[in-house]
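Overview (structure and organization)
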Amino acid sequence: MRRINMESQIEEPKKYENILIEKYESVVGIAKLNRPNSLNALSAALMKELLDALNRFEADENIRCIIVTGGEKIFSAGADIKEMMKMSSIDALKAGNLDYFDQIQKVSKPIIAAISGYCLGGGLELAMACDILIAGENARFGQPEINIGVMPGAGGTQRLTRAVGKYKAMDLILTGRQISSKEAFEIGLLSRIVPDESVMIEAKRVALEIAAKSPLASGVAKDCVTKAFEMTLKDGLEFERKNFYLLLGSEDKEEGMKAFAEKRKAVFKGK
Ligand code: DAK
């Protein structure tokens, strides 16, 4: 879990051009991709703003869960092709844009991707860098990079393969075809499917549910699950066990277990 300085809570409003941010019930941070004319294509400027917003939510001790969404019509049609057209290999290497996706995965607070409409290419890679994927029943998913002469470059060959296995990943990446929410759910790419009009309602409901838990426990649990993709089973089990012992020393553990015994709802402080 990333260490954050609790004193570094950032209050000042920040003006973004490619995303909108808001807080919900003081405990949920919402970042909405906002380039409707290009179907929320992930330009370098958008990714920079998104990472900045997520880091601000990370540093805000009141925020306990984050939602990333593209709004009601589209999540994202992927990297900005018109921007990439002009980019040489060396430009891309120097810009280090792919790092944004890895940085997002380093945010310690749980992130829900609330997905409506197209979720393609870099858009799907962005969603897969989140922790819980909630999609509308008519959302569409795919890694269509092969259709424009390239391949996934922001985690698609790795995160998709780990999520759905080699043969489904190969099918999607080598054909570039789109799949429905139903198929995406069946192959293990989604956490939940809901009616289109309920995507944000459900994402906020789940976010509040997570926000009511111990933020220490949810942060550590997220870290352990994320590490499951990177460690051997033996090392992962050891990492999990040590983190469990760590949580036994928290005030939140005292409160959670006391509240259970007293048959009341626990109030967690993240201490
Ligand atoms: N980039 C830029 N503009 C896009 C776009 C995109 N990915 N997708 C759509 N648009 C623009 C269209 O050009 C159009 O603009 P105007 O012509 O109106 O100016 C407008 O959005 C509406 O799009 P359409 O007219 O095409 O809308 P339709 O409903 O007919 O079709 C579609 C929707 C999603 C099926 C279609 O737009 C489409 O196929 N889009 C491209 C999908 C795609 O191939 N995505 C993968 C992109 S490659 C990296 C980071 C990540 C990655 C790589 C590098 N770095 C930071 C270096 C990942 C790679 C990718 O994601």
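Throughout this description, residue numbers start from 1 for each chain and increase along the sequence as written. Only residues with pLDDT of at least 70 get local features here, since the model is predicted, and only at 80 or more are side-chain atom pairs given and counted; chain-wide, interface and lining totals rely on the full set of residues. Hydrogen atoms and water are omitted, and side-chain values are computed over all heavy atoms in the structure.

Topic: the overall build of the protein chain
- Put simply, DSSP marks the helices as runs of H or I at least four residues long and the strands as runs of E at least two long, and each gets a number from the N terminus on. Helices and strands together make up the secondary structure of the protein chain, namely twelve helices and nine strands.
- For the protein chain, whose C-alpha radius of gyration is 19 Å, the value lies close to the compact-globule estimate of 18 Å for 271 residues.
- Along the first, second and third principal axes, the C-alpha atoms of the protein chain reach 60 × 45 × 40 Å.
- Only protein chains enter the accessibility calculation, which uses a 1.4 Å probe; a residue is then buried when its area is under 20% of its type maximum, exposed when over 50%, and partly exposed in between. Burial statistics for the protein chain: of 271 residues in total, 42% are counted as buried.
- We call two residues contacting when some pair of their heavy atoms lies within 4.5 Å. Here the contacts in the protein chain between residues at least 6 apart in sequence split such that 70% fall between residues at least 24 apart.
- Positive charges come from Lys and Arg, negative ones from Asp and Glu, while His and the chain ends are left out of the count. To locate a charge, take atom NZ for lysine, CZ for arginine, CG for aspartate or CD for glutamate. Averaging the positions of the 39 positive and the 38 negative side-chain charges in the protein chain gives two centres separated by 2 Å. Atoms counted for the radius of gyration: C-alpha only. Globule rule: 2.2 Å times the number of residues to the power 0.38.

Observations regarding the confidence of the model for the protein chain
- Per residue, pLDDT measures the predictor's confidence, with a range of 0 to 100. Of the residues in the protein chain, 94% have a pLDDT of 70 or more, and the chain-wide mean is 93.
- Predicted confidence is poor over residues 1–11, with pLDDT under 50, and the contacts of this stretch with residues over four places away or in other chains come to 20 contacts.

Side note on the packing of aromatic side chains
- In this scheme Phe, Tyr and Trp rings, the latter by its six-membered ring, pair at centre separations within 6.5 Å, and the angle between planes marks the pair as stacked below 30 degrees, edge-to-face above 60, and tilted otherwise. If you walk through the whole model with that rule in mind, you get zero aromatic pairs.
- Geometrically, a lysine NZ or arginine CZ counts as sitting over a ring once it is within 6 Å of the ring centre and also within 35 degrees of the ring normal. Directly above the ring of tyrosine 24 sits lysine 204, whose terminal nitrogen or CZ lies 4.7 Å from the centroid.

A closer look at the layout of surface pockets
- Buriedness for pockets is judged along seven lines, at least five of which must meet protein on both sides within 12 Å for an open set on the 1 Å grid over protein atoms alone, while cavities are sets there where a 1.4 Å probe fits but cannot get out, and lining residues have an atom within 4 Å of a point. Grid points are joined across faces, edges and corners, and a volume is the space filled by probe spheres set on the points. In this structure, the largest pocket occupies an estimated 990 Å³ of space.
- Of all the elements in the fold, those that place two or more residues in the lining of the largest pocket are α4 (99–105), α5 (122–128), β6 (132–136), α6 (156–164) and α10 (215–227).
- Ten residues, namely Ala, Val, Leu, Ile, Met, Phe, Trp, Tyr, Cys and Pro, are considered nonpolar, four, namely Asp, Glu, Lys and Arg, are considered charged, and the remaining ones, Gly among them, are considered polar. Looking at side-chain class alone, the lining of the largest pocket contains 15 nonpolar, nine polar and eleven charged residues.

Structural notes on the pattern of salt bridges
- Salt bridge, as used here, is a side-chain nitrogen of Lys or Arg placed within 4 Å of a carboxyl oxygen of Asp or Glu. Overall, the coordinates contain 18 salt bridges when judged by the stated rule.
- One salt bridge in this structure joins arginine 56 and aspartate 52, with 2.9 Å as the shortest N-O distance. Of the two residues, arginine 56 and aspartate 52 are both situated in helix α1 (residues 44–59); the distance of four residues between them amounts to about one turn of the helix.
- Glutamate 202 serves as the salt-bridge partner of arginine 192, at 2.9 Å between the closest nitrogen and oxygen. On the criterion of sequence distance, the pair formed by arginine 192 in strand β9 (residues 192–194) and glutamate 202 in helix α9 (residues 199–211) is long-range, its members being ten residues apart.
- On the basis of relative accessible area, glutamate 202 is assigned to the buried category, the value being 14%.

What about helix α7 (residues 166–175)?
- Listed as buried for α7 are Ala169, Leu172 and Ile173. For α7, the buried positions fall inside an angular range of 90 degrees around the axis, keeping them on one side. Looking at α7, the residues exposed on the side facing more than 90 degrees away from the buried face are Tyr167 and Leu174.
- In this structure, the buried residues of α7 make contact with α6 and β8 (179–180).
- In the stretch just after α7, glycine 176 is the one whose phi turns positive, near 70 degrees. Arc definition: it is the arc formed by the directions from the helix axis to the C-beta atoms.

With respect to the site of the ligand
- Distances are taken per atom, and a residue is near a molecule or strand as soon as one of its heavy atoms is within 4 Å of it. As a matter of local geometry, the ligand sits amid 23 residues, with Ala77, Ala79, Ile81, Lys82 and Gly122 nearest to it.
- Each polar contact in these results corresponds to two N or O atoms within 3.5 Å; when the atoms are within protein, one needs to be able to donate a hydrogen and the other to accept it, and residues that are neighboring in sequence are counted only if both atoms are side-chain atoms. Measuring from an oxygen atom of the ligand, one finds a backbone N or O atom of alanine 79 at 2.8 Å.
- Between the ligand and glycine 122, the relevant distance is 2.7 Å, taken from an oxygen atom to a main-chain nitrogen or oxygen of the residue.
- The fraction of the free accessible surface of the ligand (1,100 Å²) that becomes covered by protein chains is 65%.
- Listing elements by their share of the shell around the ligand, those giving two or more residues are α2 (81–85), β5 (118–120) and α5.
- A per-class count over the shell around the ligand returns 13 nonpolar, six polar and four charged. Note that accessible areas follow from Shrake-Rupley with a 1.4 Å probe, and for residues the cover is restricted to the protein chains shown.

Examining the pairing of strand β2 (residues 28–33)
- For β2, a buried count of five out of six residues is recorded, marking the element as mostly surrounded by other parts of the structure.
- Alignment of strand β1 (residues 19–24) against β2, held across six bridges, turns out to be antiparallel. Bridge pairing in β2 links isoleucine 19 to leucine 33.
- Strand pairing follows a simple DSSP-based rule, namely that at least 2 bridges must link the two strands. Counted between consecutive antiparallel strands, the loop separating β1 from β2 contains three residues, among which glutamate 25 sits at a positive phi close to 50 degrees.
- Where β2 lies against strand β3 (residues 65–69), five bridges are found, and the strand directions are parallel. Within β3, the position partnered with glycine 29 by the bridge is isoleucine 66.
- Seen with its strands pointing away from the viewer, a crossover is right-handed if its path from the first strand over the helix to the second goes clockwise. Each parallel crossover has a hand, and the one from β2 via α1 to β3 is right-handed.

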